[in-house]
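Coordinate inspection notes
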Amino acid sequence: MSILEAIIIAIVEGLTEFLPVSSTGHMIITQALLGMESSDFVKAFTVIIQFGAILSVVVLYWKRFFRLNPIVVFDKEAVHGMSAGKKGWTYLIRFIHKFDFYWKLFIAVVPAGVIGLLLGDQIDALLENVTVVAVMLVLGGIFMLFVDKWFNKPSQEQSMGWRRALKIGFFQCIAMIPGVSRSMATIVGGMTTGLTRKNAAEFSFFLAVPTMAAAAGYKLYQLLKDPINAAMLKENSLLLVIGNVVAFVVAILAIRFFIDFLTRYGFKAFGIYRIIVGTLLLVLILSGVGLSMV
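Right, let's walk through the structure included here. (Residues numbered from 1 in each chain as written. Predicted model: local features only at pLDDT ≥ 70, side-chain atom pairs only at ≥ 80, totals over all residues. Heavy atoms only, no water.)

**What to know about the overall build of the protein chain**
Using the following cut-off: Here a helix means four or more residues in a row that DSSP labels H or I, a strand means two or more in a row labelled E, and each is numbered from the N terminus. With C-alpha atoms as the basis for the radius of gyration, the globule rule is written as 2.2 Å multiplied by the number of residues raised to the power 0.38. Burial status follows relative accessibility: with a 1.4 Å probe on protein chains alone, a residue under 20% of its type maximum counts as buried, one over 50% as exposed, and anything between as partly exposed. Here, residues are in contact when the closest pair of their heavy atoms is within 4.5 Å.
When its secondary structure is counted, the protein chain shows 15 helices and zero strands. The C-alpha radius of gyration computed for the protein chain amounts to 21 Å, which stays within 12% of the reference 19 Å derived for 294 residues, consistent with globular compactness. Each of the 294 residues in the protein chain was classed as buried or not, and the buried ones make up 46%. When contacts within the protein chain are restricted to residue pairs at least 6 apart in sequence, those whose partners lie at least 24 apart make up 80%.

Take a look at the structure:
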């Protein structure tokens, strides 16, 4: 992989990771257009540069991402006169309340984590099927043409409860089908619970941090366990650094654009775009162009 190829792939990752257009499908097309072989390093590169995209969310929303509710957990005055058991329960409730934002993220991550552990091999096998990616891009695009009409009545209550977080977490599991788009699944999941498009998108970004970090971290751990793969990553460390930096910068720009565009215009344009990309993939497949998953 050349430096130019690394930059191009990182730009694609940064642009598409948080948009409801499927980064997987775009990686396939990019690799095909560049005539790149799906080598072990290319596969590792596309996983590792996700850390740059993840960091963009943390930096862009750092005030909200590192937030704790203003409560003193072990406030002696609050439990004065209580029995030992009631004191312990009160401290637990106050502890949960203080870290409420992170508990909601944890609850939303659990469904995908469980399914990923139980069906990891089947999911990996499905990722090899490029036709599935193309078909899901088209079907997802058609669905997105009508999302704004179906979920156009957000509720007045916009706070994130545990039931709402859990439901979004189950929607995220749908994104394990390649071509669906994790962003699309979680944003639509949020809108079905009554969240506004903006709030649903922002929670989708927050949820991406632990979800993507866990998935990418696990794959990186598997790579580093193998001395050959570890040496491969070390030899190409410059490309990895460049890829993460580019993905980080581009993802910040993409997130800012997406929030503004989504709030103003909704999903229809993204739906049309997905249909075009999915159709292009199907044309490439039917024309016999060699495509492989990255």
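**Let's talk about the environment of Ala 200**
Tracing the backbone through its elements, the reader meets Ala 200 in helix α12 (residues 197-225). Counting along the chain gives 14 residues from Ala 200 to Thr 186, while the straight-line C-alpha distance between them is 7.5 Å. Filtering out sequence-adjacent residues up to four positions away, Ala 200 remains in contact with Ile 187, Gly 190, Met 191 and Leu 195.

**What to know about helix α9 (residues 130-150)**
Quick note on the threshold: What a helix is expected to span follows from its residue count: subtract one and scale by 1.5 Å. Given a residue, its bend is the angle between the two axes fitted to the seven residues that end at it and to the seven that start from it.
Between its first and last C-alpha, α9 extends 30 Å over 21 residues, near the 30 Å set by a 1.5 Å rise per residue. Bending of α9 peaks at approximately 30° at the position of Met 144. Val 130, Val 132, Val 133, Ala 134, Leu 137, Val 138, Gly 140, Gly 141, Met 144, Val 147 and Asp 148 are the residues of α9 that are buried.

**Notes on the packing of helix α1 (residues 3-16) against helix α14 (residues 237-265)**
Heads up, the condition is: Geometry is summarised by axes, namely lines fitted to C-alpha atoms with helices restricted to the contacting stretch, and by angles between N-to-C directions that run from 0 to 180 degrees. Here is the rule for handedness: rotate from the far helix to the near one, and if that takes an anticlockwise turn smaller than a right angle the crossing is left-handed, while a clockwise turn gives right-handed. Polar here means any residue outside two lists: the nonpolar Ala, Val, Leu, Ile, Met, Phe, Trp, Tyr, Cys and Pro, and the charged Asp, Glu, Lys and Arg; Gly therefore counts as polar.
At a closest axis distance of 7 Å, the pairing of α1 and α14 adopts a crossing angle of 30°. Remark: the crossing between α1 and α14 carries right-handed chirality. On α14, the residues touching Ile 3, Ala 6, Ile 7, Ala 10, Ile 11, Glu 13, Gly 14 and Leu 15 of α1 are Leu 239, Ile 242, Gly 243, Val 246, Ala 247, Val 250, Ala 251 and Ala 254. The residue makeup of the contact of α1 with α14, split by class, is 13 nonpolar, two polar and one charged.

**Things to note about the pattern of salt bridges**
The criterion, for reference: By convention in these notes, a salt bridge is any Lys or Arg side-chain nitrogen within 4 Å of a carboxyl oxygen on Asp or Glu.
With the rule as written, the count across this model stands at four salt bridges. Taking the shortest distance from any N to any O, the salt bridge between Arg 64 and Glu 202 comes out at 2.8 Å. With Arg 64 in helix α5 (residues 62-65) and Glu 202 in helix α12, this residue pair connects regions lying 138 residues apart in the sequence. Accessibility expressed as a relative area gives 32% for Arg 64, which makes it partly exposed.

**Some remarks on the packing of aromatic side chains**
The cut-off we apply is this: Stacked, tilted and edge-to-face pairs are distinguished by plane angle, under 30 degrees for stacked and over 60 for edge-to-face with tilted covering the rest, among Phe, Tyr and Trp rings (Trp via its six-membered ring) whose centres lie within 6.5 Å.
One pass over the full model with this rule turns up 17 aromatic pairs. Judged by centre distance (5.0 Å) and plane angle (50°), the ring pair of Phe 261 and Tyr 265 falls under tilted. Of this pair, Phe 261 and Tyr 265 both sit in helix α14, four residues apart, which is roughly one turn of that helix. The class for Tyr 265 is exposed, based on a relative accessible area of 53%.

**Considering the nonpolar core**
For the record, the criterion: Among the buried residues, those of types Ala, Val, Leu, Ile, Met, Phe, Trp, Tyr and Cys that are joined through side-chain atoms within 4.5 Å form a nonpolar core.
Core analysis: the biggest nonpolar cluster contains 42 residues, and Phe 18, Val 57, Phe 203, Phe 205 and Phe 258 have the highest contact counts within it. Elements supplying a minimum of two residues to this core: α4 (50-60), α7 (100-118), α9, α10 (162-174), α11 (182-192), α12 and α14. Apart from residues no more than four positions distant in its own chain, Val 57 is found in contact with Phe 18, Trp 62, Phe 205, Phe 206, Val 209 and Ile 255.

**With respect to the packing of helix α2 (residues 23-34) against α9**
Relative placement of two packed helices is described by the angle separating their axes and the distance separating the axes. What counts is decided by this rule: Any angle that is under 35 degrees is reported as roughly parallel, and any over 145 degrees as roughly antiparallel; angles of 65 to 115 degrees are reported as roughly perpendicular and all others as oblique.
Interhelical geometry of α2 versus α9 gives an angle of 125° and a closest axis separation of 10 Å. On the basis of the axis angle, α2 is oblique to α9. The element α2 and its partner α9 pack so that their crossing is left-handed. On α9, the residues that touch Thr 24, Gly 25 and Ile 28 of α2 are Val 130, Val 133 and Leu 137. For the contact of α2 with α9, the per-class residue count stands at four nonpolar, two polar and no charged.

**A short note on unusual backbone geometry**
In the Ramachandran plot, Ser 22 falls in the positive-phi region, its phi being about 75° despite a non-glycine side chain. By the element assignment, Ser 22 lies in the loop between α1 and α2. Although it is not a glycine, Ser 181 adopts a positive phi angle of roughly 90°. Its place among the elements puts Ser 181 in the loop between α10 and α11.

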